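Examination of the molecular architecture
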Amino acid sequence: MSDVSHRQRGALAGHPDEREMRERYSRVMGGRDVVFADGPVFLAGLYAAVSAWAVHFNDSQPELATTNLIAGIAVALLALGFSRAPERMYGMSHAIVVIGAWLIVSPWLVGDGPDAGIILSNVITGGIICLLGLVCAAAALKAHRSSSRGAGHAPRG
């Protein structure tokens with residue numbers, strides 16, 4: 001393997017496509033403010049999906065277990081979408097917040113006399129998902145606004 005530690009930061013200086021490569025890199029990474037939330041949103045979604053088995057209410061609350069499974073899978077899939085194409089997921093960013101809110105209220109709406117552990121699990125998980133969903137929505141909005149501004153300045157031809 002060759003040693004490239006001697007190269008300097010300005011290694012692109014003088015390259016004929018330097019400007020184009022830097023602009024492309026900026027465009028690709030422009031919506032990546034949300035990257036720090038992708039993993040936690042995914043993990044929170046996975047926990048919501050398996051929470052019925054983790055907290056052991058899958059037998060006593062089957063409807064709530066199904067609700068949590070579906071909501072958790074939806075959150076995890078949305079998180080994967082944000083990590084793959086955040087600029088295209090702009091319209092779906094608020095869905096995470098809605099699903100988190102649903103997880104908070106679902107023990108009372110779907111559950112049949114849930115105990116404190118079930119309620120606590122759903123409220124904490126739903127709250128975390130809501131908070132991270134707001135972070136994703138804000139980052140997606142910022143990326144959408146900056147790409148809209150950048151598109152308005154593009155030369156037409």
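Per chain, the residues get numbers from 1 upward, laid out in the order the sequence is written. With the structure being a predicted model, the display of local features is reserved for residues of pLDDT at least 70 and the display and counting of side-chain atom pairs for 80 or more, all residues being used for whole-chain, interface and lining totals. With hydrogens and water stripped out, all remaining heavy atoms of the structure feed into the side-chain values.

1. Focus on the overall build of the protein chain
A count of helical and extended segments in the protein chain gives 5 helices and 0 strands. Listing every helix and strand of the protein chain by position from the N terminus yields α-α-α-α-α. Each residue's exposure class comes from its accessible area (1.4 Å probe, protein chains only) as a fraction of the maximum for that residue type: buried when under 20%, exposed when over 50%, partly exposed otherwise. Out of the 157 residues belonging to the protein chain, those deemed buried represent 34%. Areas reported here follow the Shrake-Rupley algorithm with a probe of radius 1.4 Å; residue values treat only the protein chains shown as occluding. Roughly 10,200 Å² of accessible area belongs to the protein chain as shown, and the carbon and sulfur atoms make up 62% of that amount. Helix and strand assignments come from DSSP, with helices taken as H or I runs of at least 4 residues and strands as E runs of at least 2, each series counted from the N terminus.

2. Here's the deal with a nonpolar patch on the surface
Patch criteria: residues need more than 30% relative accessible area and no salt bridge. Like-charged residues are merged within 9 Å; nonpolar side chains of Val, Leu, Ile, Met, Phe, Trp and Tyr are merged within 5 Å. The working definition used for a salt bridge is a side-chain nitrogen of Lys or Arg within 4 Å of a carboxyl oxygen of Asp or Glu. A cluster of nonpolar side chains, namely Tyr-47, Val-50, Trp-53, Leu-69, Ile-73, Leu-77 and Leu-80, defines an oily patch on the protein surface of about 620 Å² accessible area. For the nonpolar patch, the secondary-structure elements that each account for two or more residues are α2 (35–54) and α3 (62–84). With respect to the helices and strands, Ile-73 occurs in helix α3. Residue class for Ile-73 comes out partly exposed when judged on its relative accessible area of 43%.

3. Thoughts on helix α4 (residues 93–109)
Over its 17 residues, α4 extends 24 Å from the first C-alpha to the last, a length consistent with the 24 Å expected when each residue adds 1.5 Å. At any given residue, the bend is defined as the angle formed between two axes, one fitted to the seven residues that end at that position and one fitted to the seven that begin there. The largest bend along α4 measures about 35° and falls at Leu-103, with the proline Pro-107 one to four residues further on. The span you would expect from a helix comes to 1.5 Å times its residue count less one.

4. Observations regarding the nonpolar core
Nonpolar core, defined: a set of buried Ala, Val, Leu, Ile, Met, Phe, Trp, Tyr and Cys residues in which side-chain atoms within 4.5 Å join the residues together. Judged by nonpolar contacts, the single largest core of 17 residues is most densely connected at Val-41, Phe-82, Ile-96 and Ile-129. For this core, the elements supplying multiple residues, two or more each, are α2, α3, α4 and α5 (116–152). Those residues in contact with Val-41 that lie beyond four places of it in its chain are Val-75, Ala-79, Ile-96, Leu-132 and Cys-136. Phe-57, Leu-64, Ala-65 and Ile-118 belong to the second largest nonpolar core, which has 5 residues in total. Any two residues whose heavy atoms approach within 4.5 Å at even a single point are treated as in contact.

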